[in-house]
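Architecture at a glance
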Amino acid sequence: MLAADRSLLEINLKQSAIKLREKELNLYTDNFSAMATQAAVLAGFTTTCLIELNIPPDTHYLAKSCLHIAAIFSICSNIACVSLSTITNIWGSGKALRGKDGSMDEAVEGINSERELIFRTFAFGLCGNLCTVLWLRSVPAA
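Here's a quick rundown of the structure. (Residues numbered from 1 in each chain as written. Predicted model: local features only at pLDDT ≥ 70, side-chain atom pairs only at ≥ 80, totals over all residues. Heavy atoms only, no water.)

A word on the overall build of the chain. Each helix and strand in the chain was counted, giving three helices and zero strands. Along the chain, helices (α) and strands (β) appear in the sequence α-α-α when read from the amino end. The C-alpha radius of gyration of the chain comes to 23 Å, more than 25% above the 14 Å expected for a compact globule of 142 residues. Each of the three principal axes of the chain carries a C-alpha extent, and together these read 90 × 20 × 20 Å. A total of 142 residues make up the chain; the buried ones form 30% of that total. Residue pairs at least 24 apart in sequence account for 82% of intrachain contacts in the chain once pairs closer than 6 positions are excluded. Carbon and sulfur atoms make up 65% of the accessible area of the chain, which amounts to about 9,500 Å² in all. Counting 12 positive and 13 negative side-chain charges, the chain places the centres of these two groups 0 Å from one another. (Helix = DSSP H or I, 4+ residues; strand = E, 2+ residues; numbered from the N terminus. Rg over C-alpha atoms; globule rule 2.2 N^0.38 Å. Buried < 20%, exposed > 50% of the residue type's maximum accessible area, 1.4 Å probe, protein only. Contact = heavy atoms within 4.5 Å. Areas by Shrake-Rupley, 256 points an atom, 1.4 Å probe, with all protein chains shown as cover. Lys, Arg positive; Asp, Glu negative; His and termini not counted. Charge placed at Lys NZ, Arg CZ, Asp CG, Glu CD.)

In structure tokens form, the structure reads like this:
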């Protein structure tokens, strides 16, 4: 009887730990999905800015170069953020659901290790987008 109670307690503890890890996995996937959506919107805004913008012909070439560098940096960083978030969500969820015993912990730890890189690419993309907007505000309309 004592061994059965101990076994039941261990099973309940393991189930509780998996439920907690599942909540953590859901938090990461929701956050990464939201960040990927915002990064895609920012990349779209910056791309539209590059396509639709009429730069005055007398604008200094260095100013034009700064605009193009900031815009390309923003687009590349935002696309990297979308890609990394999507790959991490797909890999992490798949590993957690279809992996062997202990794969939930491994998947959550793997997602957690990618978190900083994804946050940085999003921040770089946002900074590039802000530099593009600041450039637009500083140049008089054509």
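What follows deals with helix α1 (residues 2-52). Here α1 spans 75 Å end to end across 51 residues, near enough to the 75 Å set by a 1.5 Å rise per residue. Buried within α1 are the following residues: Arg21, Leu25, Tyr28, Thr29, Phe32, Met35, Ala36, Ala39, Leu42, Ala43, Thr46 and Cys49. Tucked into the core, α1 has its buried residues touching α2 (61-98) and α3 (103-138). (Expected span 1.5 Å × (residues − 1).)

Here α3 is 36 residues long and its end C-alpha atoms lie 52 Å apart, about the 52 Å a rise of 1.5 Å per residue gives. Of all the bends in α3, the greatest measures close to 35° and is centred on Arg115. (Bend = angle between axes of the 7 residues up to and from the residue.)

With that out of the way, let us pick up the side chain of Asn129. In this fold, Asn129 is placed in helix α3. For Asn129, a relative accessible area of 9% corresponds to the buried category.

For the structure on display, the rule yields seven salt bridges. The shortest N-O distance in the salt bridge between Arg21 and Glu24 comes to 2.9 Å. Here the residue Arg21 and the residue Glu24 both occupy positions in helix α1, the gap between them amounting to three residues, near one helical turn. Taking relative accessible area as the criterion, Arg21 reaches 16% and is therefore assigned buried. Residue classification places Glu24 among the partly exposed positions, given a relative accessible area of 26%. (Salt bridge = Lys/Arg side-chain N within 4 Å of Asp/Glu carboxyl O.)

Right, let's talk about the nonpolar core for a bit. Leu25, Met35, Cys81 and Phe122 are the most contacted members of the largest nonpolar core, which totals 14 residues. Mapped by element, the contributors of at least two residues to this core are α1, α2 and α3. (Core = buried A, V, L, I, M, F, W, Y, C linked by side-chain atoms within 4.5 Å.)

Looking now at the packing of aromatic side chains. A full pass over the atoms with the stated rule returns three aromatic pairs. Measuring from centroid to centroid gives 6.3 Å for Tyr28 and Phe32, while their planes differ by 20°, and the two rings are stacked. In this pair, Tyr28 and Phe32 are both assigned in helix α1, four residues apart and thus about one turn of the helix distant. Under the relative-accessibility criterion, Tyr28 is labelled buried at 8%. A residue is classified by how much of its surface remains accessible, and Phe32, at 1% relative accessible area, is buried. (Phe/Tyr/Trp six-rings, centres within 6.5 Å; stacked < 30°, edge-to-face > 60°.)

Turning next to the state of the cysteines. Per the counting criterion, the structure on display carries zero disulfides. Note on Cys76: no disulfide assigned, nearest cysteine sulfur contributed by Cys81 at a separation of 13 Å. (Disulfide = S-S within 2.5 Å.)

This brings us to the packing of α1 against α3. In the contact formed by α1 and α3, the axes pass within 9 Å of each other and the chain directions differ by 25°. Classified by the interaxial angle, the pair formed by α1 and α3 is roughly parallel. In the crossing of α1 with α3, the sense of the turn from one axis to the other is left-handed. Of the residues in the contact of α1 with α3, the class split is 17 nonpolar, five polar and six charged. (Axes fitted to C-alpha atoms, helices over the stretch in contact; angles between N-to-C directions. Parallel < 35°, antiparallel > 145°, perpendicular 65-115°, else oblique. Left-handed = near helix turned anticlockwise from the far one by under 90°. Nonpolar A, V, L, I, M, F, W, Y, C, P; charged D, E, K, R; others polar.)

Glancing now at the side chain of Thr59. You can see Thr59 is positioned in the loop between α1 and α2. Here the side chain of Thr59 touches Pro56 through a polar contact of 2.8 Å, landing on its backbone oxygen. Setting aside its immediate chain neighbours within four residues, Thr59 contacts Lys64 and Trp135. (Polar contact = N/O pair within 3.5 Å; in protein donor to acceptor, adjacent residues only side chain to side chain.)

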